[in-house]
Protein chains: 2
Amino acid sequence: MSNEIKNLLEKGVVEIFVKEDLEKKLQSGKPLKIKFGIDPTGSDLHLGHMVPIRKLAQFQKMGHEIQLLFGTFTAQIGDPTGKSEARQIKTREEVQKNAETYVNQVSKVLDTKKIKLYYNDEWLSGMSLKEVCELAASFTVQQMIQRDMFQERIKAGTPIHLHEFLYPLMQGYDSVIMKSDVEIGATEQTFNMLAGRTIQKHFGLPQQNVLSVPILVGLDGKMKMGKSLNNYIGVNESPKDMFGKTMSIPDELITTYFELATDLSMEDINQVKTALEGGENPRNLKMQLAKEIVSIYHSKEEAQKAQEEFINIFAKKEIPEDIEEILLPESAYKIVQLIALCGFSGSNGEIKRLVLQNAVKVNNEKISNPDDTVDISEEIILQVGKRSFYKVKKA
Amino acid sequence: MSNEIKNLLEKGVVEIFVKEDLEKKLQSGKPLKIKFGIDPTGSDLHLGHMVPIRKLAQFQKMGHEIQLLFGTFTAQIGDPTGKSEARQIKTREEVQKNAETYVNQVSKVLDTKKIKLYYNDEWLSGMSLKEVCELAASFTVQQMIQRDMFQERIKAGTPIHLHEFLYPLMQGYDSVIMKSDVEIGATEQTFNMLAGRTIQKHFGLPQQNVLSVPILVGLDGKMKMGKSLNNYIGVNESPKDMFGKTMSIPDELITTYFELATDLSMEDINQVKTALEGGENPRNLKMQLAKEIVSIYHSKEEAQKAQEEFINIFAKKEIPEDIEEILLPESAYKIVQLIALCGFSGSNGEIKRLVLQNAVKVNNEKISNPDDTVDISEEIILQVGKRSFYKVKKA
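Here's what I pulled together on the structure shown here. (Residues numbered from 1 in each chain as written. Chains lettered and ligands numbered in written order. Predicted model: local features only at pLDDT ≥ 70, side-chain atom pairs only at ≥ 80, totals over all residues. Heavy atoms only, no water.)

A look at the overall build of chain A
Spelled out, the test is: Secondary structure counts use DSSP, requiring at least four H or I residues in a row for a helix and at least two E residues in a row for a strand, with both numbered from the N terminus. Any residue under 20% of the maximum accessible area for its type is buried, any over 50% is exposed, and the rest in between are partly exposed; the area is computed with a 1.4 Å probe on protein chains only. Throughout, a contact is declared for two residues whenever any of their heavy atoms are within 4.5 Å. For the area figures, the Shrake-Rupley method with a 1.4 Å probe applies, and any residue is considered shielded solely by the protein chains shown. Neither His nor the chain termini are counted; the positive set is Lys and Arg, and the negative set is Asp and Glu. Where a charge sits is defined by one atom per residue type, namely NZ (Lys), CZ (Arg), CG (Asp) or CD (Glu).
When its secondary structure is counted, chain A shows 18 helices and 13 strands. Each principal axis of the C-alpha atoms in chain A carries an extent, and together these give about 80 × 45 × 40 Å. Of all 395 residues assigned to chain A, the portion counted as buried reaches 52%. Pairs at least 24 apart in sequence give 70% of the contacts found in chain A among residues at least 6 apart. Only carbon and sulfur atoms are counted for the fraction: they give 47% of the accessible area of chain A, which is about 18,000 Å². The distance from the centre of the 50 positive side-chain charges to the centre of the 55 negative ones in chain A is 1 Å.

Here is the structure:
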């Protein structure tokens, strides 16, 4: 197995169905059709979304054809994956708009000119009840119920609406229409992706291989990266924010992030592991990680600049790196009001006094006039006294 | 409650959802729409099929509108009710032909001119996947799995194909289109009929009442009446066959047959019960039952005639009434061959000797020439010696 194929099949991969089969296909040199399905319900991508996208980029670099499937039909129905309840049905317009924003964002790692785009309402909206029944006949209730997520909901007594059983069938049928050779997705999509194998077989087609990638843990080190938990790094964020957020991850996530969020090879990542085990300061490795990440979404130069700024603000001045970010509605505030809004405990009189005593700094520069207005349209670091630090930004 | 309504709601009824509600509707005097669904997969009706049809006739006599629904779409899909496996999909032509034969047969108890006919392929075949999903969203997997038949199959490890979960939705949606007020069906249809209530509610319609009738036990007294078990009385059978078959039921079925297969009121049936308990000869009550049944499907006159013939052949000559019927492929046989085919133990030589000795009778008439041919296109009673009786007919 070449190093390139090894990295493709092993780096940031949870499971492959069936690995030997996919390996053979890859070694044959024939360009493969690599499917990735997107449920275009949200528009801002973060590094969690990019884990499978960057796996696609690996395939693309090796000459394979990337099939991006927008679930323009299925998004209107709602896939229950990982949700305790069926989702709200979206309007067609909303779904279409989101798809466009999506392509724009993935262009940072994929050559979008070479990608094939698919919209599943094109074949699913015209499907008749009879065709649905024939499709449904290829699957049993027992197979559906085996799915972890359904098991959990049955145990918890949470209703599973019947249309949720139809979802994997539709996703599987997409693979029939698209004649996909490989489908990539997060682990939570494994069941749906395997449905593609069942249904391709039912239609007499070769079965796609399924490659699942892990779910990226967010900056908090606990929960899945996501917008609602504000524990994410967005692909459209500034080099400075990206760098700073990366520096805030818990040390135990360093190698995971190298594996799932950078282009480093398995060998390079093993060196990182060895360094960490050898007592290297995690901070230095995080710096390397942050530079790698900024390089992907911006450039090496901007990554270098972001690092220098970071060192300037934080490292030299002994400001803690893990300050929680506070989002406020306006883009500018009077300094006294800002300190109060950040949750500093003390009366306005006390705050005013601290300002006059030169005990307040914004981005490490003293503010001594209580009437000064502070711009927070870009993130600032606010220091009050010796121990109170706030990272503040307009929401 | 009037006697008429009482007989309607209590005679030959297993369950009503919701009885008080249906009683109110009936007392309002407003004509109701009474739905009955037929899966037009077979063409010869028997008394088992007529149990719900005769309940419909009761409604019709009271001025209600009968809606006969031919599952022209659903029959192509296959309802798994009571079957351990999904049914073979029928062709459209076959389904349509069966529907026509059906109407012809039910005209014996229903005024088919007043009936409204529906064919569910008219609205189901045009249904889109999106509409299917919306319909499916009104039901949960947990509700489906509760169904007895599905529970049994899950326990037995028999696959339930996913389209079988769609079947109750379709049947329920029929009630939406037909705006049915009441649905009638055998107990095994209760789940599907109740789905109609759920789905009518989902579409903001008043919920139909559901009236389930029992499954009629066949002539053997054990299994459900059915063609494959040859334990049935067909509605197109001759008065003689109908009469004779009725006389062959076990005594313990007498009151059940009065309740489910005749027009006798509950009061009359209670008199039958009292008579049986008082020591009346069951044979006399079966005669009354047989006459009632023949009267429904032929006429009082023919019923009377059938009774006289029966008495002539059986009663006076002490022929047992419970002889099993033997079906043979040809319409005529040489007497010696016929006796052998009926399973009489003895060589051809012995049989020939019995014929020559005047020990063989067909319909109570002696046959003394071993070369005689016997016509069995209509059922005959064959007697060999004193104790061997055979009822024989062309299959």
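Some thoughts on the interface of chain B and chain A
For clarity, the threshold we go by: Here the buried area means the combined drop in accessible surface, using a 1.4 Å probe, for two parts upon being joined, counting both sides. Only one rule defines a salt bridge in this text: a Lys or Arg side-chain nitrogen within 4 Å of an Asp or Glu carboxyl oxygen. Contacts described as polar in this section are N or O atom pairs within 3.5 Å, which, within protein, must combine one atom able to donate a hydrogen with one able to accept it, while residues neighboring in sequence count only if both atoms come from side chains. Nonpolar residues are Ala, Val, Leu, Ile, Met, Phe, Trp, Tyr, Cys and Pro. Charged residues are Asp, Glu, Lys and Arg, and all others, Gly as well, are polar.
With 31 residues of chain B at the contact, the number on the chain A side is 31 residues. Summed over both partners, the interface of chain B with chain A comes to about 2,600 Å²; 77% of that surface belongs to carbon and sulfur atoms. Counting the surface chain B buries against chain A, the share from its top three residues, L129(B), V141(B) and L162(B), is 26%. The tally of links from chain B across to chain A stands at zero salt bridges. The tally of links from chain B across to chain A stands at 14 residue pairs in polar contact (both at pLDDT 80 or more). Among the secondary structure elements, those contributing two or more residues to the side of chain B that touches chain A are α4 (74-77), α7 (129-136), α8 (141-146), α9 (148-156) and α10 (163-178) of chain B. Partitioning the side of chain B that touches chain A into residue classes produces 21 nonpolar, eight polar and two charged.

Re unusual backbone geometry
Look at the link from F17(A) to V18(A): it is a cis peptide, with omega at -5 degrees. Backbone geometry places N358(B), a non-glycine residue, at a positive phi of 65 degrees. Relative to the elements of secondary structure, N358(B) occurs in the loop between α18 (348-356) and β9 (360-362). Using a relative accessible area of 39% as the deciding quantity, one classes N358(B) as partly exposed.

Quick notes on the relation of the copies chain B and chain A
Keep this limit in mind: Here the copies are matched by least squares. The fit uses the C-alpha atoms of residues with pLDDT of at least 70 in both.
Overlay of chain B on chain A (RMSD 0.2 Å): rotation 179 degrees, translation along the axis 0.2 Å. Expressed as an axis order, the relation between the two copies is that of a two-fold axis. When each C-alpha of chain B is compared by its distance to the rotation axis, S128(B) comes out closest, at 2.5 Å. In this assembly, 100% of the residues forming the interface of chain B have copies in chain A that are likewise at the interface, indicating an isologous arrangement.

Looking at helix α13 (residues 254-261) of chain A
Residue and element names in this part refer to chain A. Extensive coverage of α13 is indicated by the burial of six of its eight residues. Within the sequence span of α13, burial applies to I254, T255, Y257, F258, L260 and A261. Where α13 is buried, its residues meet α3 (47-61), α14 (266-277) and α15 (282-297).

Here's the deal with a negative patch on the surface
What counts, and what does not: Patches here: salt-bridge-free residues with over 30% relative accessible area, like charges joined within 9 Å, nonpolar side chains (Val, Leu, Ile, Met, Phe, Trp, Tyr) joined within 5 Å.
The grouping of E308(A), E309(A), D375(A) and E378(A) at the surface amounts to a negative patch. As for its position among the elements, E308(A) is in helix α16 (residues 300-315).

Digging into the sheet that holds strand β5 (residues 182-186) of chain B
All names here are of chain B. What counts is decided by this rule: Pairing between strands is defined by DSSP: at least two bridges between the two strands are required. Whenever a helix is involved, its axis is fitted only over the stretch in contact; in every case the axis is a line through C-alpha atoms, and angles between N-to-C directions fall within 0 to 180 degrees.
In spatial order, the strands read β1-β6-β5-β2-β3-β4; together these six strands make up an open sheet with mixed pairing. The open sheet has two edge strands with one neighbour each: β1 (15-17) and β4 (116-119). Taking each pair of neighbouring strands and ignoring which way they run, the sheet shows an average axis angle of 20 degrees. Sheet topology places β5 next to strand β6 (residues 209-213); five bridges connect them, and they run parallel. Looking at β6, one finds that V182 is bridged to N209. This element, α10, spans β2 (33-38), β3 (65-70), β4 and β5 of the sheet and lies at about 145 degrees to β2.

Details of the packing of helix α10 (residues 163-178) of chain A against helix α11 (residues 190-202) of chain A
All names here are of chain A. Rule in force here: By definition in this entry, angles of less than 35 degrees are roughly parallel, angles greater than 145 are roughly antiparallel, angles of 65 to 115 are roughly perpendicular, and the rest are oblique. Handedness of a crossing follows from how the near helix is turned relative to the far one, being left-handed for an anticlockwise turn of less than a right angle and right-handed for a clockwise one.
Look at α10 against α11: their axes get within 7 Å of each other, and the N-to-C directions meet at 55 degrees. When the interaxial angle is binned, α10 and α11 end up oblique. For the element pair α10 and α11, the recorded crossing hand is right-handed. Between α10 and α11, the residues in contact are Y167, P168, L169, Q171, G172, Y173, S175 and V176 and F191, N192, M193, A195, G196, I199 and Q200, respectively.

Some remarks on the packing of aromatic side chains
Applied cut-off: Only centres within 6.5 Å qualify two rings of Phe, Tyr or Trp (six-membered ring in Trp) as a pair; their planes then separate them into stacked at under 30 degrees, edge-to-face at over 60, and tilted for everything else. Placement of a positive charge over a ring is assigned whenever Lys NZ or Arg CZ falls within 6 Å of the ring centre and within 35 degrees of the normal to the ring plane.
A full pass over the atoms with the stated rule returns 13 aromatic pairs over all chains. Feature note: the residues F150(A), F165(A), F150(B) and F165(B) constitute an aromatic cluster, connected by ring pairs. Positioned above the aromatic ring of Y232(B) is the side chain of K245(B), whose terminal nitrogen or guanidinium carbon lies 4.6 Å from the ring centre.

What to know about the environment of G204(A)
All names here are of chain A. Tracing the chain through its elements places G204 in the loop between α11 and β6 (209-213). With a relative accessible area of 65%, G204 lands in the exposed category. Note: C-alpha distance between G204 and I351 (147 residues apart in sequence) is 74 Å.

Notes on the state of the cysteines
Two cysteines form a disulfide when their sulfur atoms are joined by a covalent bond. Defined as follows: Cysteine sulfur pairs qualify as disulfides if the two atoms are within 2.5 Å.
Within the structure shown, the criterion is met by zero disulfides over all chains. Of all cysteine sulfurs in the structure, the one in C133(B) sits closest to C133(A), which takes part in no disulfide; the separation is 12 Å.

Thoughts on the sheet that holds strand β12 (residues 380-384) of chain A
Working definition: the strands of a sheet are paired by backbone hydrogen bonds and lie parallel or antiparallel to each other. Residues and elements named next belong to chain A. Read across the open sheet, the five strands follow the order β7-β13-β12-β9-β10; overall the sheet is mixed. The strands lining the two open edges of the sheet, one partner per strand, are β7 (325-328) and β10 (365-366). Here strand β9 (residues 360-362) runs beside β10; their pairing, made up of two bridges, is antiparallel. Looking across to β10, one finds that K361 is bridged to K366.

Details of the pairing of β2(B)
All names here are of chain B. Note that β2 and β3 share six bridges and pair parallel. Pairing of F36 across the sheet is with L68, part of β3. Of the strand pairs in this sheet, β2 and β5 are connected by three bridges, and their pairing is parallel. The partner of K35 across the bridge, within β5, is E183.

With respect to the pattern of salt bridges
A complete count under the given rule lists 24 salt bridges over all chains for this structure. The salt bridge involving E10(A) is made with K6(A); its shortest N-O contact spans 3.1 Å. Taken as a pair, E10(A) and K6(A) lie in helix α1 (residues 3-10) at a separation of four residues, close to a single helical turn. Note that K286(B) is salt-bridged to D251(B), the shortest N-O span being 3.1 Å. Of this pair, K286(B) sits in helix α15 (residues 282-297) while D251(B) sits in the loop between α12 (239-247) and α13 (254-261); the two residues are 35 residues apart in sequence, bridging distant segments of the chain. Salt bridges sharing common partners tie together K6(A), E10(A) and K19(A).

Remarks on the side chain of T246(B)
All names here are of chain B. Residue placement: T246 occurs in helix α12. Within the structure, the side chain of T246 is placed 2.7 Å from the backbone oxygen of M242, a separation counted as a polar contact. Excluding residues that lie within four positions of it along the chain, T246 makes contacts with I233, K286, L289, A290 and I293.

Observations regarding α15(A)
Given 3.6 residues to a turn, an α-helix orients residues that are three or four positions apart in the same direction. Residues and elements named next belong to chain A. As a reminder, the rule being used: Take the residue count of a helix, subtract one, and multiply by 1.5 Å to get its expected span.
Compared with an ideal rise of 1.5 Å per residue, which puts 16 residues at 22 Å, α15 spans 23 Å between its outermost C-alpha atoms and is within 8% of the ideal. Listing the buried residues of α15 in full gives L285, K286, M287, L289, A290, I293, V294, I296 and Y297. Structurally, the start of α15 carries an N-cap: the backbone nitrogen of R283 is 3.0 Å from a side-chain oxygen of N281.

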